[in-house]
Amino acid sequence: MAATDIARQVGEGCRTVPLAGHVGFDSLPDQLVNKSVTQGFCFNILCVGETGLGKSTLMDTLFNTKFEGEPATHTQPGVQLRSNTYDLQESNVGLKLTIVSTVGFGDQINKEDSYKPIVEFIDAQFEAYLQEELKIRRVLHAYHDSRIHVCLYFIAPTGHSLKSLDLVTMKKLDSKVNIIPIIAKSDAISKSELTKFKIKITSELVSNGVQIYQFPTDDESVAEINGTMNAHLPFAVIGSTEELKIGNKMMKARQYPWGTVQACFHYPLPCHAVENEAHCDFVKLREMLIRVNMEDLREQTHSRHYELYRRCKLEEMGFKDTDPDSKPFSLQETYEAKRNEFLGELQKKEEEMRQMFVQRVKEKEAELKEAEKELHEKFDRLKKLHQDEKKKLEDKKKSLDDEVNAFKQRKTAAELLQSQGSQAGGSQTLKRDKEKKNNPWLCTE
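Residues numbered from 1 in each chain as written. Predicted model: local features only at pLDDT ≥ 70, side-chain atom pairs only at ≥ 80, totals over all residues. Heavy atoms only, no water.

The end-to-end C-alpha distance of helix H4 (residues 116-133), which contains 18 residues, comes to 26 Å, matching closely the 26 Å that a straight helix rising 1.5 Å per residue would cover. Taken together, the buried positions of H4 are Ile118, Val119, Phe121, Ile122, Asp123, Gln125, Phe126, Tyr129, Leu130, Glu132 and Glu133. Turning to H4, the residues buried within the fold contact strand S1 (41-48), strand S2 (80-90), strand S3 (93-103), helix H5 (164-173) and helix H9 (294-316). (Helix = DSSP H or I, 4+ residues; strand = E, 2+ residues; numbered from the N terminus. Expected span 1.5 Å × (residues − 1). Buried < 20%, exposed > 50% of the residue type's maximum accessible area, 1.4 Å probe, protein only. Contact = heavy atoms within 4.5 Å.)

So, in structure tokens, the structure goes:
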């Protein structure tokens, strides 16, 4: 029997299994998408700016949601950071959004240290993530990442130049977070003033060495739009949660009591359509922040800002990648070297403390000996004084005893004389009585 006939007979007896779909590793992106959608995403926004610039309103407008929050006053004694987390859902994608606002920023008379609470907050989030990474049993997949992914820095629409507070704060933050400068309430100045203001802001940022976030142009799919949008920085925005009917459409806008023209950016205007790109850059900001570059902001936060913090922190702890001979340094070797260094410092401190203790003991012994010597001298003085006083008392006692003895002798002699006198007087009386009796005619004296 031929081989083809055998193969035909075997084939006729086998069950055919149909394929459920395409088989290949090109389905890996789909698997990643499904896994990411299941896990959900997180995005953290830091809003920095003076009170009253519309930070909360812009957040409501960006995500088309009314976020809960307490209105801030201008009477805050210092800068406080208020963090709120919200669970948003769009189609089948979940987003854990955290909005951090700087309450009281720029409201104090002395604004010198206004940036410090912000820097400390950002570092605290980096430190929390680093501590989670350094754990033996890590659960990063379930860890809520609170690192700040983007800082929307709100600039007051003065039309002149940046304030010193803005320059100092952005300079302190540019190495820790992605900064996107925003001109808030841009309807407060005219279009020509706004154009000059943008140029002035860009020039001051460059001259002061402030590095703001640049939309990436290395990806061909977004290189063109990102390159165009980089030229529009800083974005001039208007925030509004009120929807008005403009023409036949309902749009988020601001209504004013004067004018009737809406199509261009000249005053007077009846309303500024927030979503009209002729009026403000709100649409550009929303596109760049949410639709195009949200993942790049997350990636830049991890690969650039967090890695810089992590490297500096580990170097402070004594960890290095190479030894002095430029050879690779393993973690175990680094740990052992750091441990030996720590033990050496501990022994050195222990020796210093021991020597200090011995010195203190010697000083205390010397003080005690000196005190003992003084006590002995005082005791000798008191003893001598006591002996002198005792001798004086003994002499005085002897003198008194002599006086007492002399007095007793004189008393005895006096008593003896008195008794003899009494006896002599008694005999004479008896004699006179006898003579009187014998001679009654005898006259008495």
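The next subject is the pattern of salt bridges. Working definition: two side chains of opposite charge can pair if their charged atoms are close together. Taken as a whole and judged by the stated rule, the model has 15 salt bridges. A salt bridge links Glu50 to Lys163, with the nearest nitrogen and oxygen atoms 2.9 Å apart. Highlighted residues: Glu50 in the loop between S1 and helix H3 (55-62) and Lys163 in the loop between strand S4 (150-155) and H5, separated in sequence by 113 residues. With relative accessibility at 17%, the residue Glu50 sits in the buried group. (Salt bridge = Lys/Arg side-chain N within 4 Å of Asp/Glu carboxyl O.)

Turning next to helix H2 (residues 28-39). In this model, H2 (12 residues) spans 17 Å end to end at C-alpha, consistent with the 16 Å of a helix rising 1.5 Å per residue. Gly40, located one to two residues past H2, shows a positive phi value of around 85°.

Moving on to the packing of aromatic side chains. All told, the structure shown has nine aromatic pairs when counted by the stated rule. Both rings, one in Tyr129 and one in Tyr143, keep their centres 5.7 Å apart while their planes meet at 65°; by these two values the pair is edge-to-face. Note that Tyr129 is positioned in helix H4 and Tyr143 in the loop between H4 and S4, a separation of 14 residues in sequence. Their ring planes at 25° and their centres at 6.1 Å tell us that Phe215 and Phe235 sit as a pair that is stacked. Of this pair, Phe215 sits in the loop between helix H6 (191-207) and helix H7 (220-230) while Phe235 sits in strand S6 (residues 235-236), and the two are 20 residues apart along the sequence. Of the two residues, Phe215 and Phe235, neither departs from the other in class, the shared state being buried. The ring of Tyr306 is capped by Arg147, whose NZ or CZ atom sits 4.9 Å from the centre of that ring. (Phe/Tyr/Trp six-rings, centres within 6.5 Å; stacked < 30°, edge-to-face > 60°. Lys NZ or Arg CZ within 6 Å of the ring centre and 35° of its normal.)

The next subject is the pairing of S3. For S3, the buried fraction is high: nine of the 11 residues fall into the buried class. Pairing between S1 and S3: seven bridges, direction parallel. Each bridged residue has a counterpart across the sheet, and for Phe41 the counterpart in S3 is Leu95. Two strands pair when backbone bridges link them, and S2 and S3 are joined in this way by 11 bridges, in the antiparallel orientation. Residue pairing across strands places Gln89 opposite Gly94, the latter belonging to S3. (Pairing = 2+ DSSP bridges.)

Interpretation note: all reported values are geometric properties and have no functional meaning in isolation.
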